[in-house]
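Commentary on secondary and tertiary structure
One-letter residues, chain by chain:
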Amino acid sequence: MGDTDNSAEPEKSNRQPGAPGGGGKPPGRKPGGGILMGRPFGVPVYVAPSWFLVAALITWVFGGQLDRILPDLGAVRYLIALFFAVAFYASVLVHELAHTVAALRFQLPVRRIQLQFFGGVSEIEKESETPGREFVLAFVGPLLSLLLGAVFYLAMFAVEPRTVPGVLLAGLMISNLIVAAFNLLPGLPLDGGRMLRAVVWKLSGNPMTGTVAAAWTGRGLAVAVLIGLPLATHASGLSRGESVGNLNSLTDALLAAILAAIIWTGAGNSLRSARLRARLPELRARTLTRRAVPVTADTPLSEALRRANESGARALVVVDAHGAPTAVVRESGIVEVPEHRRPWVAVGTLSQDLGDDLRISAELAGEELIERLREFPATEYLVVEETGEIYGVLATHDVERAFVDAMSKPDTAR
């Protein structure tokens, strides 16, 4: 169903911040992920390929319902059922737009909205700053679905009940109420889970504590769906005196397994995302930067490495005659030069010219640092003080290693 995601949840989505390139990195930016349908409020809306599978399934199921209610429709019922599938996902889009508008109102950038297999995803770039905003951001989606259900209910009074418009309005009313009720369940990654997270966050003062509570509630919810949904549908059929066939039982069990897997996976992703965000402040450009030795471009590599070893430095920065940095010597280039050739290779031939995009402040840290490295990918960056003075060189794989080390530490918030 519809969700927001401040992690990597399947139904809701904020971005997970990630270290730039390399092993052990967390997810970075995702590609478009489907067919671009438009940009309401400047936010791109994509339809994932999996939507077409669901649309076909809804068309088939709703077409069968129409055949029982309005048997005279014939094959036209499948065109009407397809219209219902599109209208239903339009309702899901409204649900997601509610999250998007709220996020933009709170000045939280939204990367995209994606309509997919089991609903929609609003990928919000940053976490809410307060539990109150988190609660509102999560609640507006189900609220809009409830309002849509009420609108379709009132519209039913304007049409005949056993007509095509009457059946469509009834179906849209019920489906929106189901979307609202499902998303209000108190477990991540659902909107109700985000609301629970906000409440626990407010009471404990710790967003990580709220995430842990809501994620484990979500995992309990996944188990309840896996076991309870097939039992509930089986009991409902028996109470109406209907025979429950093996095919129906298998279908119910498969649906329950898919829903449970989505909820369980989303809850786990929420935990990982929260853990990642808690660790990000430990990544500081100043502490990860390698000490660098300034050398001119015509300096032989062997001489430059001798100077670096004497001073305990691990990086080389090319400077001009006035001492201004012009390039960073690539570590990969140094490794590729055999030792016996290093006296005849100038460091300038192994360097990467510096632009403003490869100069970063020594004060950068956490998500701001990761975002800068992701925006301008490179293997090395020149780190400078606010005065413009050279502080050293930051290697991408040092950031990745520090990130992995930080993520391997045990959690302290419970």
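Residues numbered from 1 in each chain as written. Predicted model: local features only at pLDDT ≥ 70, side-chain atom pairs only at ≥ 80, totals over all residues. Heavy atoms only, no water.

Time to look at the environment of Val328. Looking at where Val328 falls in the secondary structure, it is placed in strand β9 (residues 325-329). For Val328, a relative accessible area of 3% corresponds to the buried category. Along the chain, Val328 and Leu382 lie 54 residues apart, while their C-alpha atoms are 6.9 Å from each other. The contact partners of Val328, leaving out residues within four places of it in the chain, are Leu316, Leu350, Ser351, Gln352, Leu354, Glu380, Leu382 and Val393. (Helix = DSSP H or I, 4+ residues; strand = E, 2+ residues; numbered from the N terminus. Buried < 20%, exposed > 50% of the residue type's maximum accessible area, 1.4 Å probe, protein only. Contact = heavy atoms within 4.5 Å.)

What follows deals with the nonpolar core. Core analysis: the largest hydrophobic core is formed by 29 residues, its most contacted members being Ile360, Leu369, Leu373, Tyr381 and Leu394. For this core, the secondary-structure elements that each account for two or more residues are α8 (285-288), β8 (315-319), α11 (366-375), β12 (380-384), β13 (390-395) and α12 (396-407). Not counting residues up to four positions away in its chain, the partners in contact with Leu394 are Leu288, Thr289, Ile360, Leu369, Leu373, Thr379, Glu380, Tyr381, Val383 and Val399. Among the nonpolar cores identified, the runner-up in size contains 25 residues, and Val47, Leu70, Phe84 and Leu148 belong to it. (Core = buried A, V, L, I, M, F, W, Y, C linked by side-chain atoms within 4.5 Å.)

Summing up the model confidence of the protein, the mean pLDDT is 85 and the portion of residues at 70 or higher is 86%. Counting interchain partners and residues more than four positions distant, the pLDDT-below-50 stretch residues 7-31 has 115 contacts. (pLDDT = per-residue confidence, 0-100.)

Taken as a whole and judged by the stated rule, the model has 6 aromatic pairs. Ring centres 5.2 Å apart and planes at 85 degrees place the aromatic pair Tyr153 and Phe157 in the edge-to-face group. Looking at Tyr153, the relative accessible area reads 41%, which means it is partly exposed. With a relative accessible area of 61%, Phe157 lands in the exposed category. Of the aromatic side chains, those joined through ring pairs into one cluster are Trp51, Phe52, Phe88 and Tyr89. Residue placement shows Arg219 over the ring face of Trp216; its charged tip is 4.6 Å from the ring centre. Above the plane of the ring of Trp264 lies Arg219, whose end atom (NZ or CZ) is 5.1 Å from the centre. (Phe/Tyr/Trp six-rings, centres within 6.5 Å; stacked < 30°, edge-to-face > 60°. Lys NZ or Arg CZ within 6 Å of the ring centre and 35° of its normal.)

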